[in-house]
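Next come the chains, spelled out residue by residue.
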Amino acid sequence: MEYLTAAYLVLWAGLFGYVLRLSSKNAELLRNVRILVDFWDTKVSESPPKKP
Amino acid sequence: MSMLDKMLERYYASRLNTLAVTAACLGVLGGLIRIFWFTPIDSYQGVVQKIFYIHLPCAIGAFTAFFGVFVASIAFLAVRKDVFDDLASSLAEVGVACCSLVLITGPIWAKPAWGAYWTWDNRLTTTLILWVLYVGYLLLRHLSLESEQGKRAAAVLGIIAFLDVPIVRMSVKWWRSIHPSVLSGQKGTGLDRPMVETLWISLLTFLFFFAVLLVERFALARAKTLLKKVRMQMEVC
């Protein structure tokens, strides 16, 4: 029973490590998306309006 | 940019995410250690009763998430902003994960307690219906390819599906049920003081963990929506 409990806790610890990694990757992704969106917004606002 | 987007940006920019995930992980681990080693064993059911400290927080997590889907769906239909649709879909995924855990831990507990993994009891059946409804909700979102019509249909389903939550909650009162009702509001739940304390610790730590998961999923959904918008603008230009 003790071994099973220890194995269960190790499983949880592994899951938590995965969530931590996922979170840092999410932060990076969101930062990159924000850079892209800001760049695109600036580009669109700076570009001259299309001729009809 | 919505207020939720700004909050999300600040959350990641200040590295609060690392702190929140670490706190949630350590909290749940601490809670589990308390459950396994520092909580008395139930004199009637034995060690298997300890699954209750995981089963109940998962059920409350699922109900809270589905209530969130209900509110976010109403908000989406009222103001038609993508942020509410993303919030509803993220909440539904976390809710389905919690509900799945309820349906896994329940039978594990039921076999030694009742002698069978599953019975078509009111509480069990209505919970299974709830899970099927929200899996259907996620399928609808997936199959509608994120069209505006699909989002509206998903919001309507998100509102209707929530009607099952009060039925699940009240099923043990309305009909005869073998499922115990711990949160009945009556005195004498059969739990000793250390057991009640463990239940509260477990409830708070698990709900915090689910909230952290929700923020991560919501961040991903927002990134996807923002990228989709930029791509559409590029196609127009």
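The structure this text deals with has already been given above.
The structure reproduced in this document is the subject of the present report. (Residues numbered from 1 in each chain as written. Chains lettered and ligands numbered in written order. Predicted model: local features only at pLDDT ≥ 70, side-chain atom pairs only at ≥ 80, totals over all residues. Heavy atoms only, no water.)

## Remarks on the overall build of chain B
Alright, step 1. Along the backbone of chain B there are eight helices and zero strands.
Alright, step 2. Moving toward the C terminus, one meets the helices and strands of chain B in the order α-α-α-α-α-α-α-α.
Alright, step 3. Seen along its three principal axes, the alpha-carbon backbone of chain B occupies a region of about 70 × 40 × 25 Å.
Alright, step 4. Accessible surface, chain B as shown: approximately 12500 Å² in total, 69% of it carbon and sulfur. (Helix = DSSP H or I, 4+ residues; strand = E, 2+ residues; numbered from the N terminus. Areas by Shrake-Rupley, 256 points an atom, 1.4 Å probe, with all protein chains shown as cover.)

## Observations concerning the nonpolar core
All names here are of chain B.
Alright, step 1. In this structure, F66, Y134 and F209 are the most contacted members of the largest nonpolar core, which totals 64 residues.
Alright, step 2. A per-element tally of this core places helix α8 (residues 193-236) first, with twelve residues.
Alright, step 3. Leaving out residues up to four positions away in the same chain, Y134 has contacts with F66, V69, V96, G158, A161 and F162. (Core = buried A, V, L, I, M, F, W, Y, C linked by side-chain atoms within 4.5 Å. Buried < 20%, exposed > 50% of the residue type's maximum accessible area, 1.4 Å probe, protein only. Contact = heavy atoms within 4.5 Å.)

## Examining the environment of G158 of chain B
Residues and elements named next belong to chain B.
Alright, step 1. You can see G158 is positioned in helix α6 (residues 148-161).
Alright, step 2. For the pair formed by G158 and I178, sequence separation is 20 residues and the distance between their alpha carbons is 29 Å.
Alright, step 3. Non-local contacts of G158, meaning those with residues more than four positions away in its chain, are made with V69, F70, S73, Y134 and Y137.

## Section: the pattern of salt bridges
Once the charged atoms of two side chains with opposite charge are near each other, the side chains can pair.
Residues and elements named next belong to chain B.
Alright, step 1. Applying the stated criterion across every chain yields a total of eleven salt bridges over all chains.
Alright, step 2. Residues K151 and D82 are paired through a salt bridge, measuring 3.1 Å at the closest nitrogen-oxygen approach. Of this pair, K151 sits in helix α6 while D82 sits in helix α4 (residues 82-114), placing them 69 residues apart in sequence.
Alright, step 3. You can call D82 buried: its relative accessible area is 17%.
Alright, step 4. For R217, the salt bridge identified is with E93, shortest N-O distance 2.6 Å. Placement of R217 in helix α8 and of E93 in helix α4 is noted, with a sequence separation of 124 residues between them.
Alright, step 5. Residue classification places R217 among the partly exposed positions, given a relative accessible area of 26%.
Alright, step 6. According to the relative accessible area criterion, E93 is partly exposed, its value standing at 31%. (Salt bridge = Lys/Arg side-chain N within 4 Å of Asp/Glu carboxyl O.)

## So, the interface of chain B and chain A
Alright, step 1. Contacts between the two partners involve 31 residues from chain B, matched on the other side by 24 residues from chain A.
Alright, step 2. Buried surface at the junction of chain B and chain A, summed over both partners, amounts to about 2600 Å²; 79% is from carbon and sulfur atoms.
Alright, step 3. Applying the counting rule to chain B against chain A returns one salt bridge.
Alright, step 4. A salt bridge links E9 of chain B to R34 of chain A, with the shortest nitrogen-to-oxygen separation between them at 2.7 Å.
Alright, step 5. Counting only elements with at least two residues in the side of chain B that touches chain A, the list comes to α1 (3-13), α2 (16-37) and α8 of chain B.
Alright, step 6. The element that contributes the greatest number of residues to the side of chain B that touches chain A is α8 of chain B, accounting for 13 residues. (Buried area = accessible area lost by both parts, 1.4 Å probe.)

## Structural notes on empty space enclosed by the protein
Alright, step 1. According to the stated counting rule, one finds one cavity of 30 Å³ or more in the structure shown.
Alright, step 2. In this structure, the largest cavity occupies an estimated 60 Å³ of space.
Alright, step 3. Taken together, L30, V33 and R34 of chain A together with D5, L8, E9, R222 and L226 of chain B make up the lining of the largest cavity.
Alright, step 4. Elements with a contribution of two residues or more to the lining of the largest cavity: α1 (2-46) of chain A together with α1 and α8 of chain B.
Alright, step 5. Split into classes, the residues belonging to the lining of the largest cavity amount to four nonpolar, no polar and four charged. (1 Å grid on protein atoms, 1.4 Å probe; cavity = no way out; pocket = protein on both sides within 12 Å on 5 of 7 lines; lining within 4 Å. Points joined across faces, edges and corners; volume = space filled by probe spheres on them. Nonpolar A, V, L, I, M, F, W, Y, C, P; charged D, E, K, R; others polar.)

## Re the packing of aromatic side chains
Alright, step 1. Following the criterion strictly, the structure yields 15 aromatic pairs over all chains and no others.
Alright, step 2. When the centroid spacing of 4.7 Å and the interplanar angle of 25° are considered together, the rings of F70 of chain B and F162 of chain B count as stacked. Of this pair, F70 of chain B sits in helix α3 (residues 52-79) while F162 of chain B is found in the loop between α6 and α7 (164-174), placing the two residues 92 residues apart along the sequence.
Alright, step 3. Its relative accessible area of 14% is what places F162 of chain B among the buried residues.
Alright, step 4. Taken together, the ring pairs connect W12 and F16 of chain A together with F206, F209 and F210 of chain B into an aromatic cluster. (Phe/Tyr/Trp six-rings, centres within 6.5 Å; stacked < 30°, edge-to-face > 60°.)

## Description of the packing of α4 of chain B against helix α5 (residues 122-143) of chain B
Pairs of packed helices are described in terms of their axes, by the angle between the two and the distance that separates them.
All names here are of chain B.
Alright, step 1. Contact pair α4 / α5: the axes reach a minimum separation of 9 Å and the direction vectors enclose 150°. It follows that α4 is roughly antiparallel to α5 by the angle criterion. Between α4 and α5 lies a crossing whose hand is left-handed. Together, D85, A88, S89, A92, E93, V96, C99, S100, V102, L103 and W114 of α4 and L124, T127, L128, L130, W131, Y134, V135, Y137, L138 and R141 of α5 make up the contact between the two elements. (Axes fitted to C-alpha atoms, helices over the stretch in contact; angles between N-to-C directions. Parallel < 35°, antiparallel > 145°, perpendicular 65-115°, else oblique. Left-handed = near helix turned anticlockwise from the far one by under 90°.)

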